[in-house]
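# Coordinate analysis (summary)
Chain by chain, the residues run as shown.
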Amino acid sequence: MDDNTIKYIKDFLPIFSELNIDVSFLFVTETAYKKNIIDATKPVREFLKRKKIHDYDSQKQNNPKLKINNSVEIPTIIINENSKKEIITSMYRPNTKKGDPRIWFRKSQKYINPNSIIAVMAIENKLVITNLSDKNTKKSLFDKGFVYEELSKIFIKDENCIANELLNKIKSIYNKGFVKTIGIGDPSVGETLEYYLNIPRNNSKNPDYKGIELKAKRSRAKNRSNLFTQVPMWKCENGLNEEEIFEKYSYYSEKKERMDLYCTLKANKPNPQGLYLKVDFDNNLLYVLGKNDEFLTQWDIDFLIKRLEEKHNETFWLDVETKIENNEEYFRYYRIEHTKKPKSTVFPFLINEGIITVDFLIHQKENGKLRDHGFPFKINKKDRNLLFEDMEVYDLRKS
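Residues numbered from 1 in each chain as written. Predicted model: local features only at pLDDT ≥ 70, side-chain atom pairs only at ≥ 80, totals over all residues. Heavy atoms only, no water.

As recorded in an unreviewed UniProt entry, the chain goes by MvaI/BcnI restriction endonuclease family protein and comes from Methanobrevibacter olleyae.

Structure (structure tokens):
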């Protein structure tokens, strides 16, 4: 996927965010169009697997000579500027080379042209596709015409009874007024909430309340919120380990009188230490690069998406009002942003645009050994709607 394609797709992300749709993208080359064959790229394969539509990894190759056909056919809705049509999508692995995964939308030539960008969506056991390169379809999306309305009808979501249960419990805590803090520092915001919800403390990476993750911050705190933390692949080929990166890029902190590497990394824009991120869309990898584009380490984007989905299938993001009385801090949890289902396919695009960032939080202890506080992936509060399919706001002061 070249830079121009990535830039073109970026314009559509707010629309799919507004519609609360997880989406993947295919580029139909002229050769693919003529041969009725499209390569199922890794991001698309992972999307189909994640949506439980199809798993290419377990699919066997076709062999026409032996009359072996392992193709899988999926009902598909194709939507254009003023109509929608039921077609069939064929997924298969040919008896050539290594059986490279292939996909084709049957009877779609009328709606798909050479060099088209196709949005691929999934609902239950069906696919939904539309041609983003068609100017009329694009206009219909941006003007909230037929295409926009049809997608909106298809992707309506149900209410979640567990979320209502949790919301009512937090309302009860709010109605108590300011509650005394449990613990100290930033962790106390979450610890206090868990205490009043009777959630036992644990170090699990799983969501906090019956599948719902809880994220609470003081209102005056910085706007960036942690999504999850994930250590890089220190042992990747030609990469450096944590100690080697720290030795090359750390700096002396006069305030703390020690060597530190506390910094935020964005894509394609070096920070003061010379570190930055680079998204490899073709191989689904996220690189950390240094000065003179030196390769340092990497993450597997599929694994990062898995962490995101595990952590934030459903999340309550709480704003907390604070006050001090007799040198004691008190909290009141007054506002909730309720998000559901991360739009996993847009995750690398948001990194590429600098909307999702990564922090390095490493320092050297007195004994010379390094200590890190994890490698948190973060997003600004104002940008959450770009990442999640559903978002609803509850202001308890108005309820």
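### Focus on the environment of Val358
When you line up the elements, Val358 lands in strand β18 (residues 356-364). For Val358, the contacting residues outside a window of four places in its chain are Cys263, Thr264, Leu265, Leu277, Trp299, Phe375, Pro376 and Phe377. (Helix = DSSP H or I, 4+ residues; strand = E, 2+ residues; numbered from the N terminus. Contact = heavy atoms within 4.5 Å.)

### Comments concerning the pairing of β18
Within a regular strand, side chains alternate between the sheet's two faces. Of all nine residues in β18, eight are buried; the element is thus mostly enclosed. Strand direction decides the pairing type here: β18 and strand β20 (residues 376-380), joined by three bridges, are antiparallel. When the bridges of β20 are listed, Ile356 appears paired with Ile379. As judged from the three bridges shared by β18 and strand β19 (residues 370-372), these two strands associate in the antiparallel manner. Residue pairing across strands places His363 opposite Arg371, the latter belonging to β19. The hairpin formed by β18 and β19 contains five residues between the paired strands, and Gly368 there has a positive phi angle of roughly 95 degrees. (Buried < 20%, exposed > 50% of the residue type's maximum accessible area, 1.4 Å probe, protein only. Pairing = 2+ DSSP bridges.)

### Some thoughts on the nonpolar core
The biggest cluster of nonpolar side chains holds 62 residues, and the ones touching the most others in it are Phe16, Leu151, Trp299, Phe347, Phe360 and Phe377. Discounting residues that sit within four places of it in the chain, Leu151 has contacts with Phe16, Leu19, Ile21, Ile79, Met121, Val128 and Leu141. (Core = buried A, V, L, I, M, F, W, Y, C linked by side-chain atoms within 4.5 Å.)

### What about helix α6 (residues 146-154)?
Every buried residue belonging to α6 is among Val147, Tyr148, Glu150, Leu151 and Ile154, and all of these are buried. Down the axis of α6, the smallest arc covering the buried residues is 165 degrees, so these residues share one side. Lining the buried residues of α6 we find α2 (13-18), β3 (72-79), β4 (84-92), β6 (116-123), β7 (126-131) and α5 (135-142). (Arc of directions from axis to C-beta.)

### Focus: the sheet that holds β6
Adjacent strands of a sheet pair through backbone hydrogen bonds, lying either parallel or antiparallel. The strand order across the open sheet formed by seven strands is β1-β6-β7-β3-β4-β5-β2, and the pairing between neighbours is mixed. A strand with exactly one partner marks an edge of an open sheet, and here the two such strands are β1 (24-28) and β2 (38-39). Sheet topology note: the β4/strand β5 (residues 102-105) ladder contains four bridges and is antiparallel. Its bridge partner being in β5, Tyr92 is matched across the sheet by Arg102.

### Considerations on the side chain of Glu194
Among the structural elements, Glu194 can be located in helix α8 (residues 187-196). Residue Glu194 is classed as buried on the basis of its relative accessible area, which comes to 17%.

### Thoughts on the sheet that holds strand β15 (residues 295-300)
Reading across the sheet, the three strands line up as β13-β14-β15 and stay open at both edges, with antiparallel pairing between neighbours. Each having just a single partner strand, β13 (276-280) and β15 make up the two edges of the open sheet. Within the sheet, the average angular offset between the axes of one strand and its neighbour, ignoring direction, is 25 degrees. Summarising the sheet, β13 and strand β14 (residues 285-289) pair through five bridges and their orientation is antiparallel. Its bridge partner being in β14, Lys278 is matched across the sheet by Tyr287. (Axes fitted to C-alpha atoms, helices over the stretch in contact; angles between N-to-C directions.)

### A short note on the pattern of salt bridges
Counted under the stated rule, the structure contains 29 salt bridges. For Lys248, the salt bridge identified is with Glu294, shortest N-O distance 2.8 Å. Of this pair, Lys248 sits in helix α9 (residues 242-249) while Glu294 sits in the loop between β14 and β15, and the two are 46 residues apart along the sequence. Its relative accessible area of 22% is what places Glu294 among the partly exposed residues. Across the pair Lys323 and Glu325 runs a salt bridge whose closest N-O atoms are separated by 2.9 Å. Residue Lys323 is classed as partly exposed on the basis of its relative accessible area, which comes to 30%. Residue classification places Glu325 among the partly exposed residues on the basis of a relative accessible area of 37%. Through salt bridges with shared partners, a single ionic network connects Asp319, Arg335, Glu337, Lys381 and Arg384. (Salt bridge = Lys/Arg side-chain N within 4 Å of Asp/Glu carboxyl O.)

### Some thoughts on the packing of aromatic side chains
If you walk through the whole model with that rule in mind, you get 16 aromatic pairs. Summarising the aromatic geometry, the rings of Phe360 and Phe375 are spaced 5.1 Å apart at their centres and angled 85 degrees between planes, so their arrangement reads as edge-to-face. Residue Phe360 is found in strand β18, and its partner Phe375 is found in the loop between β19 and β20; the two are separated by 15 residues along the sequence. Its relative accessible area of 0% is what places Phe360 among the buried residues. According to the relative accessible area criterion, Phe375 is buried, its value standing at 1%. An aromatic cluster of three or more residues is present, and its members are Phe16, Phe25, Phe281 and Phe349. If you follow Lys256 out to its NZ or CZ, it ends over the ring of Tyr262, 4.8 Å from the centre. (Phe/Tyr/Trp six-rings, centres within 6.5 Å; stacked < 30°, edge-to-face > 60°. Lys NZ or Arg CZ within 6 Å of the ring centre and 35° of its normal.)

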